[in-house]
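Below are the chains, spelled out letter by letter.
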Amino acid sequence: MDKLISILRRRILVFSVLLICSASLSAQSTLVSSIDVFGNRKIPSDRILSSIHLKEGDSINPLSIKADSIISVIKTIPGIRDVTVSPVCCDVQNGYSIYIGIAERGTNILKYRVAPNQDLSLSDDIMQAYRNFNQQVKEAAMKGEASEEYFNGYSLLTYAPARKEQSNFILFAEQKFPTIEKVLKYSKYAEHRAAAAQVIAYSNDKKKVAKNLLYAINDPDENVRNNATRAISILAGYLSESPDTKVTIPATPFIDMVNSVSWTDRNKGAMALLELTRNKDKNILEQIRKHALPSVIEMARWKNRGHALFSLIILCRMAGEDESTVIEKNFSDNWREAVNHLLSILQYPL
């Protein structure tokens, strides 16, 4: 069971890197495979989607997706406080999944710390390795070689050029930890903070790694939060199998993240909760049920079933159902029935 989840998680984790690496948009036409609206509780999704000139099945040039324009239109709908638009490439048909996050008036919005303002930078060798790695991840995905393995609480891709840069991350984290830590916390340069969040995860001092990554998940920059939360998810899986480390990761910040208006926050927050509930901790599952159940449900209903998987498994653990069966159904044509079955067990309205 754990092996099956691990295989699926690895495939999806690498897929998620592509967004944060700012994968270059192609000038070629592609399809809008799916559009999902999340966060809306009172305003119907149909009302929101009818306001924009974009629908599933449209053939588009990715360069033509203007998130700011879509946001401006949706914000004219009465009752909407904030909007995010996240085009995510690519699914198995090489199409785009588009996520529209909604914060209605009167609802809480996840707040981030104020951006730091110190003139601190990582060294050129670290930044070059980080940028090289981002490019190598894109190449790995294009070649179908984007699988990864987890060692000692961090990721190593099987694609040799990317793995080489990750090996450099291990050296940097060992040799330059104090500098990386300062940049992560205090640099005014978001790209350097994002690189620091990725590289610092390769240190062997798991207590310091966890402390720094937990700090970074509240960064005002989306890429920093993405890198930090992804890294802490992998670390959480390692810690669950290494209790002697005596390092713990709290669930509360990630429960807050799955209520965010940001797609990357939700995606990575659910990834972290997947690891933190691996042992089916009743207290954590109850916290999720109490504070984030509607958000987890709408994520489990996302049409891109790879993106929905984390939340579906979390629902499965709440319901006490067999995970292997649910995972199989998640990627079948009957996935809606699987979601509704779990909701019936949880006594949640369909």
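Quick notes on the rules
Residues numbered from 1 in each chain as written. Predicted model: local features only at pLDDT ≥ 70, side-chain atom pairs only at ≥ 80, totals over all residues. Heavy atoms only, no water. Helix = DSSP H or I, 4+ residues; strand = E, 2+ residues; numbered from the N terminus. Rg over C-alpha atoms; globule rule 2.2 N^0.38 Å. Buried < 20%, exposed > 50% of the residue type's maximum accessible area, 1.4 Å probe, protein only. Areas by Shrake-Rupley, 256 points an atom, 1.4 Å probe, with all protein chains shown as cover. Lys, Arg positive; Asp, Glu negative; His and termini not counted. Charge placed at Lys NZ, Arg CZ, Asp CG, Glu CD. Expected span 1.5 Å × (residues − 1). Pairing = 2+ DSSP bridges. Salt bridge = Lys/Arg side-chain N within 4 Å of Asp/Glu carboxyl O. pLDDT = per-residue confidence, 0-100. Contact = heavy atoms within 4.5 Å. Axes fitted to C-alpha atoms, helices over the stretch in contact; angles between N-to-C directions. Parallel < 35°, antiparallel > 145°, perpendicular 65-115°, else oblique. Left-handed = near helix turned anticlockwise from the far one by under 90°. Nonpolar A, V, L, I, M, F, W, Y, C, P; charged D, E, K, R; others polar. Phe/Tyr/Trp six-rings, centres within 6.5 Å; stacked < 30°, edge-to-face > 60°. 1 Å grid on protein atoms, 1.4 Å probe; cavity = no way out; pocket = protein on both sides within 12 Å on 5 of 7 lines; lining within 4 Å. Points joined across faces, edges and corners; volume = space filled by probe spheres on them.

### Side note on the overall build of the protein chain
Inference 1: For the protein chain, the helix and strand inventory stands at 15 helices and 6 strands.
Inference 2: Relative to the globule expectation of 20 Å for 350 residues, the C-alpha radius of gyration of the protein chain, 20 Å, shows essentially globular dimensions.
Inference 3: Once the C-alpha set of the protein chain is aligned to its principal axes, its extents read approximately 55 × 45 × 40 Å.
Inference 4: Within the protein chain, buried positions represent 53% of all 350 residues.
Inference 5: For the protein chain, the exposed area adds up to about 16,200 Å²; of that, 49% sits on carbon and sulfur atoms.
Inference 6: Averaged over its 44 positive side-chain charges, the protein chain has a centre that lies 4 Å from the centre of its 38 negative ones.

### Considerations on unusual backbone geometry
Inference 1: Unusually for a residue other than glycine, Lys246 sits at a positive phi of about 55°.
Inference 2: With respect to the secondary-structure elements, Lys246 resides in the loop between helix H9 (222-240) and helix H10 (252-257).
Inference 3: Looking at Lys246, the relative accessible area reads 76%, which means it is exposed.
Inference 4: Within the chain, Lys280 stands out as a residue other than glycine whose phi angle is a positive 55°.
Inference 5: Examined against the element boundaries, Lys280 turns out to sit in the loop between helix H11 (263-276) and helix H12 (282-300).

### Focus on helix H4 (residues 124-142)
Inference 1: For H4, built from 19 residues, the straight-helix expectation of 27 Å at 1.5 Å per residue is met to within 8% by its first-to-last C-alpha distance of 27 Å.
Inference 2: Taken residue by residue, H4 has Ile126, Met127, Ala129, Tyr130, Phe133, Asn134, Gln136, Val137, Lys138 and Ala140 as its buried positions.
Inference 3: A positive phi of about 70° marks Gly144, the residue just after H4.

### As for the pairing of strand E5 (residues 148-151)
Sheet faces and side chains relate simply in a regular strand, where the side chains alternate between the two faces.
Inference 1: Bridge analysis of E5 against strand E6 (residues 154-157) gives 4 bridges, and the strand direction is antiparallel. Looking at the pairing, Glu148 lines up with Leu157 of E6.
Inference 2: The hairpin formed by E5 and E6 contains 2 residues between the paired strands, and Asn152 there has a positive phi angle of roughly 55°.

### With respect to the pattern of salt bridges
Inference 1: Overall, the coordinates contain 16 salt bridges when judged by the stated rule.
Inference 2: Across the pair Arg131 and Glu191 runs a salt bridge whose closest N-O atoms are separated by 2.9 Å. Here Glu191 lies in helix H7 (residues 190-199) and Arg131 lies in helix H4, a separation of 60 residues in the sequence.
Inference 3: For Arg131, a relative accessible area of 39% puts it in the partly exposed group.

### What to know about the confidence of the model for the protein chain
Low pLDDT means the predicted coordinates in that region are not meant to be read closely.
Inference 1: Put simply, the protein chain has an average pLDDT of 90, and 92% of its residues get 70 or more.
Inference 2: Low pLDDT, under 50, characterises residues 9-25; the stretch is placed with 52 contacts to residues that sit more than four places away or in other chains.

### Considerations on the sheet that holds strand E1 (residues 30-38)
Inference 1: Strand order in the open sheet formed by 4 strands is E2-E1-E4-E3, and the pairing between neighbours is mixed. The open sheet terminates on both sides in strands that have one partner only, identified here as strand E2 (59-60) and strand E3 (80-89).
Inference 2: Where E3 lies against strand E4 (residues 96-104), 9 bridges are found, and the strand directions are antiparallel. Within the sheet, the bridge partner assigned to Cys89 lies in E4 and is Tyr96.

### What to know about the packing of H4 against helix H5 (residues 160-175)
Inference 1: Where H4 contacts H5, the axes come no closer than 9 Å and their chain directions differ by 150°. Our classification of the angle between H4 and H5 gives roughly antiparallel. Note on packing geometry: the crossing formed by H4 with H5 is left-handed. Across the interface between the two elements, Asp125, Ile126, Ala129, Tyr130, Asn132, Phe133 and Gln136 from H4 touch Pro161, Ala162, Glu165, Gln166, Phe169 and Phe172 from H5.
Inference 2: Of the residues contributing to the contact of H4 with H5, the split by class is 8 nonpolar, 3 polar and 2 charged.

### Brief notes about the packing of aromatic side chains
Inference 1: A full pass over the atoms with the stated rule returns 6 aromatic pairs.
Inference 2: Both rings, one in Tyr99 and one in Trp263, keep their centres 5.3 Å apart while their planes meet at 25°; by these two values the pair is stacked. In this pair, Tyr99 is assigned in strand E4 and Trp263 in helix H11, connecting sequence segments 164 residues apart. Judged on exposure class, the residue Tyr99 and its partner Trp263 are both buried.
Inference 3: Plain terms: the ring middles of Tyr99 and Trp302 are 4.7 Å apart, the flat faces sit at 55° to each other, and that makes the pair tilted. A residue pair is termed long-range when its members are at least 10 positions apart, and Tyr99 in strand E4 and Trp302 in the loop between H12 and helix H13 (305-319) qualify at 203 residues.

### Some words on the layout of surface pockets
A probe as big as a water molecule, rolled over the atoms, marks out the empty space that is left.
Inference 1: The computed volume of the second largest pocket comes to approximately 500 Å³.
Inference 2: The wall of the second largest pocket is formed by 23 residues, among which Val37, Asn40, Ser45, Glu298 and Arg301 lie closest to the centre.
Inference 3: Mapped onto the lining of the second largest pocket, the elements with two or more residues apiece are E1, helix H2 (45-49), H12 and helix H15 (335-345).
Inference 4: Considering each element in turn, the lining of the second largest pocket owes the most residues, 4 residues, to H15.
Inference 5: Here the lining of the second largest pocket is composed, by residue class, of 13 nonpolar, 3 polar and 7 charged.

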